[in-house]
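# Structural overview
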Protein chains: 4
Amino acid sequence: MAGSTIGTIFKITTWGESHGKGIGVVIDGCPAGLTLCEDDIQQYLNRRKPGQSKYTTPRKEDDQVEILSGVFEGRTTGTPISLVVYNQNQKSKDYSEIASYYRPGHADYTFDCKYGFRDYRGGGRSSGRETIGRVAAGAVAAKILSQLGITLLSYTKSIGPVSIQADAFDPAQINENALYMPDQEAARKAASYLEQCMADQNSSGGVVECIISGMMPGIGDPVFEKLNANLAKAVCSIGAVKGFEIGDGFAVSSATGLTNNDAFYTDADGQVKKQTNHAGGILGGMSDGSPIVLRAAIKPTPSIASTQHTINRDGENIDINIHGRHDPIIVPRAVVVVESMAAITVLDALLVNMTARLDKIKEFYNR
Amino acid sequence: MAGSTIGTIFKITTWGESHGKGIGVVIDGCPAGLTLCEDDIQQYLNRRKPGQSKYTTPRKEDDQVEILSGVFEGRTTGTPISLVVYNQNQKSKDYSEIASYYRPGHADYTFDCKYGFRDYRGGGRSSGRETIGRVAAGAVAAKILSQLGITLLSYTKSIGPVSIQADAFDPAQINENALYMPDQEAARKAASYLEQCMADQNSSGGVVECIISGMMPGIGDPVFEKLNANLAKAVCSIGAVKGFEIGDGFAVSSATGLTNNDAFYTDADGQVKKQTNHAGGILGGMSDGSPIVLRAAIKPTPSIASTQHTINRDGENIDINIHGRHDPIIVPRAVVVVESMAAITVLDALLVNMTARLDKIKEFYNR
Amino acid sequence: MAGSTIGTIFKITTWGESHGKGIGVVIDGCPAGLTLCEDDIQQYLNRRKPGQSKYTTPRKEDDQVEILSGVFEGRTTGTPISLVVYNQNQKSKDYSEIASYYRPGHADYTFDCKYGFRDYRGGGRSSGRETIGRVAAGAVAAKILSQLGITLLSYTKSIGPVSIQADAFDPAQINENALYMPDQEAARKAASYLEQCMADQNSSGGVVECIISGMMPGIGDPVFEKLNANLAKAVCSIGAVKGFEIGDGFAVSSATGLTNNDAFYTDADGQVKKQTNHAGGILGGMSDGSPIVLRAAIKPTPSIASTQHTINRDGENIDINIHGRHDPIIVPRAVVVVESMAAITVLDALLVNMTARLDKIKEFYNR
Amino acid sequence: MAGSTIGTIFKITTWGESHGKGIGVVIDGCPAGLTLCEDDIQQYLNRRKPGQSKYTTPRKEDDQVEILSGVFEGRTTGTPISLVVYNQNQKSKDYSEIASYYRPGHADYTFDCKYGFRDYRGGGRSSGRETIGRVAAGAVAAKILSQLGITLLSYTKSIGPVSIQADAFDPAQINENALYMPDQEAARKAASYLEQCMADQNSSGGVVECIISGMMPGIGDPVFEKLNANLAKAVCSIGAVKGFEIGDGFAVSSATGLTNNDAFYTDADGQVKKQTNHAGGILGGMSDGSPIVLRAAIKPTPSIASTQHTINRDGENIDINIHGRHDPIIVPRAVVVVESMAAITVLDALLVNMTARLDKIKEFYNR
């Protein structure tokens, strides 16, 4: 089915396979008048590039984005923005082995069940490269949000057993370490942990956190289109995500009303604030003006060098060793993907929200 | 905006407020030929009824569902099924106090920010009664699923600090205690915990778990319409949900590839199986044939009798005491709501999946 | 499939069958703050009521609309507006004959092909009564449009061979004759023609025209969501419509560029105008500020008393006589239905358009 | 807004401007397993190519389509098919004049009203080149339909005052003349008429007809998603279309029930047939098994060499002469565009229809 489109007004459609001709996205519904150039997008794409540390694929993916439509004289025109990253490395190495069996933790088996066959080269459509389209679109969404005073801060919250410490939290550290952790000491410990994973031909999971600041209250809708519900879908649609939280998340299950309720107050400047933010910036599906805080649980890279048991396409039980070099962790590269999906979702909700009140509509149209 | 509809083919639209004339749902896209009567739906609604134990509202809501359209001579016709539950208790008690301020943990403030005013009677559209429409539709979806050999098992996994124990897990217990816990001892402890919460004018959160068995593999889509992504949205769109997990969920963040990958094998009957199910029955967004396991974190009831700080509509800082009797916990009543949203989502994915392969389409049309 | 919903932001979902419990519509995405009462809607419904002249069904359908949700203290809340008209006349007369065969020009055969069976009582879901939901929603849309300075004028343009004459066009006449024709003489001739049709146990078709005035330019989208394309869909989704035109419509096929192009000019007040309006108020899919002019061709009532040839459900060739009394023409009652679908479509386009420009978005959010 | 996507299951998203880097389409929801190569698509694109006769632009547009994704080893994979045609001719000739004023009959003015500015090079997004994406997607849809036994026949029905004659109708002639008319004599007369238009610096409109044969009955939905309603939208979304008809179209307005009703009968082979096909193959929004017949009225090319009155961007009244060479008629090139939109719409309806009946769903899943 048509499952490669997301969004109501700011709508993106991604396409492309790992080893096809390229990966791309069409952004439809981007407002006209945004100054936009390839470098705006490239900066986001560079954050998911491999080959930047020993914890990511040594493959050099020189992913250069190209704007094919929708921008005229440096500004978006309101018509679809088509973005493409051509694949540099399509040469057909021998995939006959990988084509023959189902890798544990991958989509090989389910693809065959659904479609009868699959593009097995490098994971095909289920490759991590699919996220290029998401990030390219996320860069555009984030640029618009920044012009509306809304900013996103994303980072690695934990890797395996190593979490950042609240009292050591320092956003300035995020880009200072290859793991995008806002805590120098945690980053050091996580690096050691990953070294061990690699030595063990093993891999690690982790948690990404994203904070969205500057939100006006009232964005999102009360029932199925709750802002948190759409964030949940957007984030859980990222390949390796197995859990999603907003605000205190699963911790609310052992909290009480007295500790979990956030008291409203009016501050000295007459601004409505909350004394705490257990809700993570969303009440009843609508933003409450506090920062939106969300987290995604990312599973360990399923491609590991250790011997694994599985079946081949004929259903025979076999042991396999997956060749090639694979990231021992996906989390750092997933940070910008989570941020991108959050940006796309929040922007879409902001646009949709413009139609909520008749008085505002009259004002908009001067009638 | 139009946020009260969910689904692509099996599409539901809910309407109604807590103290309006009624609550309803229109199910559009229900396949023709399902035998359906009001009792099929009533059984589901009864599972969310209050007044069944001391942990739920003593209000007697005698919610009787009525089928207004879409069923002819006992079978669904393929046209929209309109279901309504008329509100029995609309008499306007004095809501002037609740209208004047913003309850912490509720949607009062965000509603006013979005729409300029709100129906403040009993929570209006944000009331728990909104879930009546979801459950009524869920009953229909679940009935269709059962005819396709797919069943859902849902229960309370934890309340506050009390979790069910794996070795005491007994589905037969679920309907034997007011908390819907499949563990007699845990149910007993949770009951004590809730007694204490009530004594403290406080409330508790918890976790609901749902297991979907009998799924054929290949259901769901690889990118934005991943089955887990749509389950995440559907479940997170329930009022009090703050977290969502599939399979091992957040535990994957501290797992490794070796422990988290589920090995495929072919069993003695030639069936493809997995030795474990950390993935929770979904790989790459598509069902893998194992049971789908999902969890939702439910926050403590925000309406508590203790004094709380907040602001009124004029922005003045005030202390409030919320009157009336409120459930000290939402979790038991949320069990059937989570199950309903899961059923709706899975059925929709099953219908959408029918168009995935050209050979199957030719076969369907005998061409 | 789910085919009973239309619209992107102002989204309506209709339900109900001719002889079921009722007919209804849920309007989701109606802006908050509109004053609305049942009488606003009833006025529109009354325009499609039968029994008002000898050219319409003598059945007395006392269709009273009830607002079930979405309106609080006389104003829309932004949440779904559920409207219902209960059917007064559900008593089961004997439908066994009509159930046994396929009426020419009706949906009996196609319903059975699609769903395997059908609700045959009075046409079921394909009855003209299905339009009650459309008109109820159209009344709401039209009320909002009127507050934005946009008005709709609809009438019968022709009945059988009798057309209104341009030089006799008088909108004041529309409500002065049972046929809603803005030309007294044409109405008189059309009445005679219909008398003859009735005497012949026959029926007549006709054309409805709708003019939408007060449109701001730039509403609609350039590609698939052209305003004229959405109007075409909305109008052609009305049961008996077989053709749709915008502006000069089919006459453009024999026109030339010189005669068909509308020259722009700036008038004395500095307003941009067009010297002619062959385009019917839409250029490139977007409104150009001139009145939008559209027409719908309505087929003759298929239910006629004359003997007709058809087949029964067993496929046997038979002759039938359809009993009961049927309108010799649908056109006058279709006028308000066409207007309603036009209002719904234009309002939706106006809402969607608010997100087209970044500068306007910044202004909207004061950022 | 996001207006460049159409379809529910077979969903296409087009992008690109006349003088940007290229024109493309992403087809999402194409069933897996279709053999597909670039030549399948190129054949359709060639039918809309200019430069093939003196009635079309002498510009040589060597539009070569490239498949960027979604096809593996010659078969569609079920994932998005990205198709692109790079623009050969982007050199920036001087567009300053055309940028300065609003051409009558074009979207220049409405684009500026909506977005504040426009890509004025060659019509930008409103150029006829936008249809490349539609035709590329249409080629894929038509290939699938042909494998289901459904074929489309499209042609020019009239040009200016010259119509094909029913008794001279010969499909074999369609590709024998540059105007795609199935009537040799009419083609000759139309050619003369166009010569005169060109001599007069004028242009002509016309009518395209499309016949869809081999349809199974029951395709389409009874209310808003009527097959004819979706065909109306799809066809009216083509730039120059001002009218749409199904079956007898506007002629039904002067018909009677006796002449317009199509009698059902069972033929000697036990097949259900209709003695006539005034309905054009659709009853109650669903296909009835007879050929679907539709027509589109195409307006005269608005770009004509004659002097025209208009305004410039400053609102000053001016006279203009549009330079360059333009087709005196769009109709022949629109034939394949109408066919493409029809193919896309019918295929989508066929896919959606698979979910209509529970018994068929059980059978599909062998449960």
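Residues numbered from 1 in each chain as written. Chains lettered and ligands numbered in written order. Predicted model: local features only at pLDDT ≥ 70, side-chain atom pairs only at ≥ 80, totals over all residues. Heavy atoms only, no water.

### Description of the overall build of chain A
Along its length, chain A carries nine helices and 18 strands. Here the C-alpha radius of gyration of chain A, 22 Å, is about what a compact globule of 367 residues would show, namely 21 Å. The principal-axis extents of the C-alpha atoms in chain A amount to approximately 65 × 50 × 35 Å. A separation of at least 24 residues holds for 68% of the contacts in chain A among residues at least 6 apart in sequence. Taken together, the 36 basic and 40 acidic charged side chains of chain A have centroids lying 3 Å from each other. (Helix = DSSP H or I, 4+ residues; strand = E, 2+ residues; numbered from the N terminus. Rg over C-alpha atoms; globule rule 2.2 N^0.38 Å. Contact = heavy atoms within 4.5 Å. Lys, Arg positive; Asp, Glu negative; His and termini not counted. Charge placed at Lys NZ, Arg CZ, Asp CG, Glu CD.)

### Some details on helix 6 (residues 227-236) of chain C
Taking burial as the measure, the 10 residues of helix 6 of chain C include 10 buried ones, the bulk of the element. Among the residues making up helix 6 of chain C, those that are buried are Leu-227, Asn-228, Ala-229, Asn-230, Leu-231, Ala-232, Lys-233, Ala-234, Val-235 and Cys-236 of chain C. (Buried < 20%, exposed > 50% of the residue type's maximum accessible area, 1.4 Å probe, protein only.)

### Structural notes on the side chain of Arg-118 of chain D
Topologically, Arg-118 of chain D is positioned in the loop between helix 3 (108-115) and helix 4 (131-147). Engagement of the side chain of Arg-118 of chain D in a polar contact is seen with the backbone oxygen of Tyr-101 of chain D, the distance being 3.1 Å. Not counting chain neighbours up to four residues away, the residues in contact with Arg-118 of chain D comprise Phe-72 of chain A together with Ile-98, Ala-99, Tyr-101, Tyr-102, Asp-108, Phe-111, Asp-112 and Arg-313 of chain D. (Polar contact = N/O pair within 3.5 Å; in protein donor to acceptor, adjacent residues only side chain to side chain.)

### What to know about the relation of the copies chain B and chain A
Superposing chain B onto chain A takes a rotation of 180° combined with a translation of 0.0 Å along the rotation axis, leaving an RMSD of 0.0 Å. The transformation just described matches what one would write down for a two-fold rotation axis. Interface overlap between copies: 98% of the residues of chain B at the interface are likewise at the interface in chain A, consistent with a symmetric, same-surface contact. (Least-squares fit on C-alpha atoms with pLDDT ≥ 70 in both.)

### A few points about the interface of chain B and chain D
Listed by partner, the interface residues are 28 residues for chain B and 28 residues for chain D. Together chain B and chain D conceal approximately 2800 Å² of surface at their shared face, both sides included; 70% is due to carbon and sulfur atoms. In this assembly, chain B and chain D are joined by zero salt bridges. For the side of chain B that touches chain D, the secondary-structure elements that each account for two or more residues are helix 4 (131-147), helix 8 (331-353) and helix 9 (358-364) of chain B. Element by element, the count of residues in the side of chain B that touches chain D is highest for helix 9 of chain B, at five residues. (Buried area = accessible area lost by both parts, 1.4 Å probe. Salt bridge = Lys/Arg side-chain N within 4 Å of Asp/Glu carboxyl O.)

### Re the nonpolar core
Of all hydrophobic cores here, the largest spans 373 residues; its most connected members are Phe-10 of chain A, Phe-10 of chain B, Phe-10 of chain C together with Phe-10 of chain D. Look past the residues within four positions of Phe-10 of chain C in its chain and what remains in contact with it is Ile-27, Asp-28, Gly-29, Cys-30, Ala-137, Val-140, Ala-141, Ile-144, Ile-344, Leu-347, Asp-348 and Leu-351 of chain C. (Core = buried A, V, L, I, M, F, W, Y, C linked by side-chain atoms within 4.5 Å.)

### Focus: the relation of the copies chain B and chain D
Mapping chain B onto chain D leaves a residual RMSD of 0.0 Å; the transformation is a rotation of 180° accompanied by 0.0 Å of translation along its axis. Of the interface residues in chain B, 100% have counterparts in chain D that sit at the interface too, so the contact is made through matching surfaces.

### Points about the sheet that holds strand 3 (residues 22-28) of chain A
Residues and elements named next belong to chain A. In space, the five strands of this open sheet follow the order 1-2-3-7-4, with antiparallel pairing throughout. Unpaired on one side and paired on the other, strand 1 (5-6) and strand 4 (65-67) mark the two borders of the sheet. Where strand 4 and strand 7 (residues 81-86) come together, three bridges link them in antiparallel fashion. Bridge pairing links Ile-67 to Leu-83 in strand 7. Here helix 1 (residues 38-47) sits on the sheet in contact with strand 4 and strand 7, set at roughly 150° to strand 4. (Pairing = 2+ DSSP bridges. Axes fitted to C-alpha atoms, helices over the stretch in contact; angles between N-to-C directions.)

### A closer look at the packing of helix 1 (residues 38-47) of chain B against helix 4 of chain B
Residues and elements named next belong to chain B. Helix 4 packs onto helix 1 with a crossing angle of 125° between their chain directions and a minimal axis gap of 8 Å. It follows that helix 1 is oblique to helix 4 by the angle criterion. Crossing handedness for the pair helix 1 and helix 4: right-handed. Residues Asp-40, Ile-41, Tyr-44 and Leu-45 of helix 1 touch helix 4, and the partners they reach there are Ile-132, Val-135, Ala-136, Gly-138, Ala-139, Val-140, Ala-142 and Lys-143. Counted by class, the contact of helix 1 with helix 4 contains nine nonpolar, one polar and two charged residues. (Parallel < 35°, antiparallel > 145°, perpendicular 65-115°, else oblique. Left-handed = near helix turned anticlockwise from the far one by under 90°. Nonpolar A, V, L, I, M, F, W, Y, C, P; charged D, E, K, R; others polar.)

### Some thoughts on the pairing of strand 18 (residues 317-320) of chain C
Along a regular strand, successive side chains alternate from one face of the sheet to the other. Residue and element names in this part refer to chain C. With four bridges joining them, strand 17 (residues 308-311) and strand 18 adopt antiparallel strand pairing. Bridged to Gln-308 within strand 18 is Ile-320. Between strand 17 and strand 18, which follow one another and run antiparallel, lie five residues, and Gly-315 among them has a positive phi close to 85°.

### Some words on unusual backbone geometry
A positive phi is found at Gln-201 of chain C, a non-glycine position, where the angle reads about 55°. As for its position among the elements, Gln-201 of chain C is in the loop between helix 5 (184-199) and strand 10 (206-213). Classification of Gln-201 of chain C by relative accessible area gives partly exposed; the value is 42%. We note that Asn-366 of chain D has phi near 55°; this positive angle belongs to a residue other than glycine. Positionally, Asn-366 of chain D belongs in the segment after helix 9 (358-364). A relative accessible area of 70% means that Asn-366 of chain D is categorised as exposed.

### Side note on the confidence of the model for chain A
The predicted coordinates should not be examined in detail at positions where pLDDT is low. Of the residues in chain A, 95% reach a pLDDT of 70 or more, and the chain-wide mean stands at 94. If you check the scores for this complex, the pTM reads 0.97 and the ipTM reads 0.97. (pLDDT = per-residue confidence, 0-100.)

### A word on the packing of helix 6 (residues 227-236) of chain B against helix 8 of chain B
All names here are of chain B. Where helix 6 contacts helix 8, the axes come no closer than 9 Å and their chain directions differ by 145°. Seen along the crossing, helix 6 lies across helix 8 with a hand that is right-handed. Touching Leu-227, Asn-230, Leu-231, Ala-234 and Val-235 of helix 6 are Val-338, Met-341, Ala-342, Thr-345, Val-346 and Ala-349, all from helix 8.

### Structural notes on helix 5 (residues 184-199) of chain A
All names here are of chain A. Under the 1.5 Å per step criterion, the end-to-end length of helix 5 is 23 Å for 16 residues, consistent within 8% with the ideal 22 Å. The complete set of buried residues in helix 5 reads Ala-186, Ala-187, Ala-190, Ala-191, Leu-194 and Cys-197. All buried residues of helix 5 lie within an arc of 140° about the axis, which places them on one face of the element. On its buried face, helix 5 is in contact with strand 8 (151-159) and strand 9 (162-163). One side-chain oxygen of the residue at the start of helix 5 lies 3.0 Å from the amide nitrogen of Glu-185, identifying that residue as Asp-183. Looking one or two residues beyond helix 5, the residue adopting positive phi is Gln-201, at roughly 50°. (Expected span 1.5 Å × (residues − 1). Arc of directions from axis to C-beta.)

### Quick word on the interface of chain B and chain A
Counting from both sides, the interface comprises 111 residues of chain B and, opposite them, 109 residues of chain A. Surface buried jointly by chain B and chain A totals about 8300 Å² across both partners, of which 62% is contributed by carbon and sulfur atoms. The interface formed by chain B and chain A holds two salt bridges in total. Here Glu-225 of chain B makes a salt bridge to Lys-233 of chain A, at a shortest N to O gap of 3.0 Å. In terms of residue count, the dominant contributor to the side of chain B that touches chain A is helix 3 (residues 108-115) of chain B (seven residues). Class assignment of the residues belonging to the side of chain B that touches chain A gives a composition of 49 nonpolar, 43 polar and 19 charged. Across three bridges, strand 11 (residues 241-246) of chain A lies against strand 11 (residues 241-246) of chain B in antiparallel orientation.

### Considerations on empty space enclosed by the protein
Scanning all chains against the criterion turns up 11 cavities of 30 Å³ or more. Empty space within the second largest cavity amounts to approximately 90 Å³. Val-252, Asn-260, Asn-261, Asp-262, His-278, Ala-279, Ile-282 and Leu-283 of chain A together with Gly-105, Lys-242 and Lys-299 of chain B are the residues that line the second largest cavity. Partitioned by chemical class, the residues of the lining of the second largest cavity number four nonpolar, four polar and three charged. (1 Å grid on protein atoms, 1.4 Å probe; cavity = no way out; pocket = protein on both sides within 12 Å on 5 of 7 lines; lining within 4 Å. Points joined across faces, edges and corners; volume = space filled by probe spheres on them.)

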